[in-house]
Amino acid sequence: QVQLVESGGGLVQAGGSLRLSCAASGSIFSINFGAWYRQAPGKQRELVADITSGGTTTYADSVKGRFTISRDNAKNALYLQMNSLKPEDTAVYSCYTRILKSKGGLPFVSWGQGIRVTVSS
């Protein structure tokens, strides 16, 4: 079992920045895929950004140029740097990963519990 712990959320003024972290427990071989999702009140969950094992990234149009997804396998962590935040970014953010605990092993799919981001006007 792989557990994910998110941190770095909170309250920030419009135009500010936050960095979300998603740390995987225990020793792993690699995070071969990672993504951040968010869900705002009254809205459906949406994909914000993802990163492949090769480092290719994709972003929702609404966050392009403002958000950056990255990972650090030495720390078993996935990150989302959020700059120029807008009130529309207010949501609960959740990380999603596919993790290899060992080389050649089966991938584990894990979700974080979600962390709140509130951007004030």
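These numbers were taken from a predicted model, which means no experiment stands behind them. Counting of residues starts from 1 at the beginning of each chain's written sequence and follows it residue by residue. Totals for whole chains, interfaces and linings use every residue, but because this is a predicted model, local features are given only for residues with pLDDT of at least 70 and side-chain atom pairs only at 80 or more, for both listing and counting. Here the side-chain values reflect all heavy atoms present in the structure, with hydrogen atoms and water set aside.

S.K.: When you look at the pairing of strand 3 (residues 18-24) in this model, what are you seeing that I'm missing?
M.R.: Every other side chain in a regular strand lies on the same face of the sheet, so the side chains alternate between the two faces. In terms of residue burial, strand 3 counts as a mostly covered element, since 5 of its 7 residues are buried. Across 4 bridges, the pairing between strand 1 (residues 4-7) and strand 3 is antiparallel. Note on strand 3: the bridge partner recorded for Ser7 is Ser21. As judged from the 6 bridges shared by strand 3 and strand 8 (residues 77-82), these two strands associate in the antiparallel manner. Note on strand 8: the bridge partner recorded for Cys22 is Leu78. Exposure is judged per residue with a 1.4 Å probe applied to protein chains only, and the accessible area is read against the type maximum: over 50% gives exposed, under 20% gives buried, and values in between give partly exposed. Helix numbers and strand numbers start at the N terminus; a helix is a DSSP run of H or I with at least 4 residues, a strand a run of E with at least 2. If DSSP finds at least two bridges between two strands, the strands pair.

S.K.: Would you explain the nonpolar core in this entry?
M.R.: Nonpolar side chains in soluble globular proteins generally cluster together in the buried interior. Leu20, Trp36, Val48, Phe67, Leu80, Met82 and Tyr93 are the most contacted members of the largest nonpolar core, which totals 29 residues. Broken down by secondary-structure element, the contributors of at least two residues to this core are strand 3, strand 4 (30-39), strand 5 (46-52), strand 7 (67-72), strand 8, strand 9 (91-100) and strand 11 (115-120). Whether two residues are in contact is decided by their heavy atoms: any pair within 4.5 Å suffices. In this structure, Phe67 is in contact with Arg38, Val48, Tyr59, Leu80, Gln81, Met82, Asn83, Leu85, Asp89 and Tyr93, ignoring residues within four places of it in sequence. Throughout, nonpolar core names a set of buried Ala, Val, Leu, Ile, Met, Phe, Trp, Tyr and Cys residues whose side chains join them through atoms within 4.5 Å.

S.K.: What should I look at first to understand unusual backbone geometry in this one?
M.R.: A negative phi angle is the norm for most residues apart from glycine, just as the trans form is the norm for most peptide bonds. A positive phi angle, near 55°, is found at Asn76, a position not held by glycine. Checked against the element boundaries, Asn76 lands in the loop between strand 7 and strand 8. The residue Ser84 is not glycine, and still its phi comes out positive at about 50°. For Ser84, the location among the structural elements is in the loop between strand 8 and strand 9. The exposure class of Ser84 is partly exposed, given its relative accessible area of 41%.

S.K.: Which parts of the structure should I look at to understand the sheet that holds strand 7?
M.R.: By way of backbone hydrogen bonds, the strands of a sheet pair with one another, either parallel or antiparallel. Strand order in the open sheet formed by 4 strands is 1-3-8-7, with antiparallel pairing between adjacent strands. Strands with a single pairing partner mark the edges of an open sheet, and in this sheet they are strand 1 and strand 7. Taken over all neighbouring pairs, the strand axes of this sheet differ in orientation by 15° on average, direction set aside. Fitted lines through C-alpha atoms give the axes, limited to the stretch in contact for helices. The angle between two N-to-C directions lies from 0 to 180 degrees.

S.K.: Even after reading the chapter, I still don't get the environment of Glu6, so can you show me in this structure?
M.R.: Looking at where Glu6 falls in the secondary structure, it is placed in strand 1. We classify Glu6 as buried; its relative accessible area is 10%. With 12 residues separating them in the primary sequence, Glu6 and Leu18 have C-alpha atoms 13 Å apart. Discounting chain neighbours no more than four positions away, the residues touching Glu6 are Ser21, Cys22, Trp36, Tyr93, Ser94, Cys95, Gly112, Gln113, Gly114 and Ile115. A polar contact is formed between the side chain of Glu6 and the backbone nitrogen of Cys95, at a distance of 2.8 Å. Of note is the side chain of Glu6, whose polar atom sits 3.0 Å from the backbone nitrogen of Gln113. Any pair of nitrogen or oxygen atoms within 3.5 Å is treated as a polar contact; in protein, a donor-acceptor pairing is required on top of that, and neighbouring residues in sequence qualify only through side-chain atoms on both sides.

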